[in-house]
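Next come the chains, spelled out residue by residue.
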Amino acid sequence: CASSKANLDDEPSGQETVESVEDDILHHAPSRYDIRREMEEEEWSRLVHRLSDGFASFFISDGVCSVCHDVRGNFRCEKCNLLQVCEKCLSNVHSHNPPHVVRKWNGSCFETVTSPVRIARRNACDCSAVHSRRVLGVTEEGEDIVLLVEVCECSDLHSTLLAHGFWITQPLIDSVREIIAVHIGLLLLLDSVSSRCTASLSSLCNALQNSRSSLWLGSRTRIDLFRVLNTSGCFRAFRRLLQDVRWGQKASCPACFVARSDSDSASAGSAPTFLMLDACFGLRHRKQAGKAVIPAASGFFVDVDVTQNQEPNVSHCPNFTAGRGQGLVSASDRQKLDVFGLFCGSCRHSGVTYLADVVTPGERLVYSSAMVNKAIEDSLPDQKIIVSYDIACKLSGRFNDSNVAFAIPAFHAYGHKESCQLKFGIRSVAGAGLTDGESCERIWSTARRFGPQLKEMTHTNRRDFLNYWADSINFGRINNISVWLFSREKVAKQSLQRFYSEVSEFRSKISIDGDLSAFLAICSVWEKELLEQYSAADAASHSRKDPAEDAFFQLQQISCDRRFLIEHAVTESGQKMNKALNKTLRKLNKKGEALVRKFHERFPTRVIHQPSLLNDGGLGSPSTDRSRKRQAVKLLHLYLRIEEEASLVRVEVRRASNFFATALLRTRSETSLLPNEINLLNDDNDSSTDDDEEDDEAVDNFE
């Protein structure tokens, strides 16, 4: 005791300890990263002062020609990296008349030479009538140049310029005063940057034309590039050309490809195709942005009849809040907008399948029903389809097709009641594998950034842009489908490790004898018991024989609506429409109070408490025994889905192989090129059987 007391007396007080910690933080030894960063900053400071003269020398001419070294070099071609040459050497290098911008030193700076560049015909012909057309071109660097293009009877102006890498911006060249053509490299750059960086075409053109404004050199071209590309639909036409050139048709997912031949019908039914549905209310459109009406469906868009009034399935969750967007749209937005969002249908590989404009102030079942009907129409008669939707329990009762199964995505399943999770959770649906059902959310992560542009476009431009955007996503999936398929092996291994760890932890809590197969058999029995309990509870809840049960169900819906509105009120969008939310809450409170008053008048011996309204569909709080059964059933479903993932990927590998083989045959038949490769693909049945065996051996590596 004496030694312990002495040690306590020697320890510093709390204030001294805090001060010592602060001193250690303020006077800590710098790390190697901090030292390296400090050294780099000091070195950059020295280099900036030392290289300022060298940077300025790039924009002046102060010496002889860098090629002949005889006379002074007053000319420059940055494209050819000729920064200081004489006129003779420049003519020798430019003997083939390239469409490059040439500058000449005027004593103070380099100014652009306005002499035209002659563009000759690519193929020589015997035409006697050959004349030149003057065209104002925009180079790949965004600078203007005068072109003299040779045109004869067998070659028009469009094809001649396109052969030299220039795209004419006007479709009717005979009715314009000056023909303008833009280099294809510049158009590809604008397309790539606008798609990846979500910058508008206007901002990109302004940035390109003012790229030298920080060097007091002003704009690089006299042409208003945005007006040229946007007014006559030039940029949209170029994007349509890209769609035709890079794939030849509307791009689709290779792993979802199911051939319509008789031989593929049997294999098509071995694995389902997937349709993930979701809406994004950030991709809106303003009424005053263009006078045109919404065009007819084309490309990825499907027709939706919004006049249909589809009610949800009677067995849906009363406490799930998806699809209630109509209550969260302010009155001003209803007046200003004619498109409130975008509805998307995608496959499990994050490829876009269908699109539809949401023209109602909320997410209705007509959009999802239209896409499901379209998927059934486009698929084979016996093809199985798994539809993943946030409110699949509401949508399932609208269809009686045995080949269509409905599932709730993994991240949205916990917002549903217990019975709904067990029936419609994507881990409970046979054939779904380890699909999470959230591919639309991944698509929205890239599409949401285009919201400001789409809001101000005309309807025609908006449809063209969204079709091109969806085609670009699918084309990227075509290039990377092999990477996605092989990544599923890692997902399956991680899920299997998680399964074994959770099973061992679960079996340590309860005493279950036997091996893994015995445990899975017990889980199957528990699953049947839970389904019977939930079915009986749902039947009693929806029979409405007991008025007290009916009132209880209505009060539960009101309570869940209140909770949803209160949670939304603390968000940024909820703060903007605080008055509307408070008004809706007051209406719900009055409705709930009236129901409680009538309930107590009719049943004076029964009292309703607020916590009871939030229970699970009238079943009460789950017991400990039922919770353990639910956990065991989840483990059973996880094990079954892991087993299905291997066979699912096997089928998807075959589908992708057939997809590329079909595309190759179609391309070769159109171009009549590489006949040897076509013969290899169209070999006899024995060779095709050998190829299938090799494919099976390759796919076995996944397992």
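Let us look at the structure shown here.

Definitions and limits used
Sequence order sets the numbering: in each chain, residues are counted from 1 along the sequence as written. It should be noted that, the model being predicted, local features are given only for residues of pLDDT at least 70 and side-chain atom pairs only at 80 or more, the latter also being counted only at that level, while totals for whole chains, interfaces and linings use all residues. Neither water nor hydrogens contribute to the side-chain values; these are computed over all heavy atoms in the structure. Strand pairing is assigned whenever DSSP identifies at least 2 bridges connecting the two strands. Helix numbers and strand numbers start at the N terminus; a helix is a DSSP run of H or I with at least 4 residues, a strand a run of E with at least 2. Each axis is a line fitted through C-alpha atoms, and for a helix only the stretch in contact is used; angles between axes span 0 to 180 degrees, taken between their N-to-C directions. By the convention used here, residues are in contact when the closest approach between their heavy atoms is within 4.5 Å. Take the buried Ala, Val, Leu, Ile, Met, Phe, Trp, Tyr and Cys residues and link them wherever side-chain atoms come within 4.5 Å; each set so joined is a nonpolar core. Residue exposure (1.4 Å probe, protein chains only): buried if accessible area is under 20% of the type maximum, exposed if over 50%, otherwise partly exposed. Within 6.5 Å between ring centres, the rings of Phe, Tyr and Trp (the latter by its six-membered ring) count as paired, and their orientation is classed by plane angle as stacked under 30 degrees, edge-to-face over 60, tilted in between. Remark: a charge is flagged as sitting over a ring if the NZ atom of Lys or the CZ atom of Arg is within 6 Å of the ring centre and within 35 degrees of the ring normal.

1. Notes on the sheet that holds strand E16 (residues 404–407)
Sheet architecture is open: five strands sit in the order E14-E13-E10-E15-E16, paired in mixed fashion. In the strand order of this sheet, the two ends are held by strand E14 (352–358) and E16, each with one partner. Each strand of the sheet is rotated relative to its neighbour by a mean of 20 degrees, with strand direction disregarded. Where strand E10 (residues 273–280) and strand E15 (residues 385–388) come together, four bridges link them in parallel fashion. Counterpart to Met276 in the pairing with E15 is Ser388. In the packing of helix H12 (residues 365–378) onto the sheet, the strands contacted are E10, strand E13 (341–346), E14, E15 and E16, and the crossing angle to E14 comes to about 150 degrees.

2. Examining the nonpolar core
One recurring pattern in soluble globular proteins: nonpolar side chains tend to sit buried together. Counting 30 residues, the largest nonpolar core has Leu355, Trp444, Leu466 and Trp469 as the members making the most contacts within it. Mapped onto this core, the elements with two or more residues apiece are E10, E13, E14, helix H15 (439–447), helix H17 (459–509) and helix H22 (624–671). When sequence neighbours within four positions are dropped, the list of residues in contact with Trp444 reads Asp278, Ala279, Cys280, Leu283, Leu342 and Cys344. Core analysis: the second largest hydrophobic core is formed by 28 residues, Tyr354, Tyr367, Val372 and Ile391 among them.

3. What about the environment of Lys336?
Inspection of the secondary structure puts Lys336 in helix H11 (residues 331–336). Here Lys336 falls in the exposed class, since its relative accessible area comes to 52%. Distance in space between the C-alpha atoms of Lys336 and Arg286 is 5.9 Å, their sequence separation being 50 residues. Here Lys336 is in contact with His285, Arg286 and Lys287, once residues within four sequence places are set aside.

4. Looking at the packing of aromatic side chains
Following the criterion strictly, the structure yields eleven aromatic pairs and no others. With a centroid separation of 5.6 Å and an interplanar angle of 70 degrees, the aromatic rings of Trp167 and Phe238 are classed as edge-to-face. Here Trp167, found in strand E8 (residues 166–168), pairs with Phe238, found in helix H9 (residues 234–246); they are 71 residues apart in sequence, far enough to count as distant. Of the two residues, Trp167 and Phe238, both sit in the buried class. Within the aromatic cluster, the residues linked to one another by ring pairs are Phe257, Phe659 and Phe660. Stacked on the ring of Phe300, the Lys or Arg Lys250 has its end atom at 4.9 Å from the ring centre. Stacked on the ring of Phe301, the Lys or Arg Arg463 has its end atom at 4.1 Å from the ring centre.

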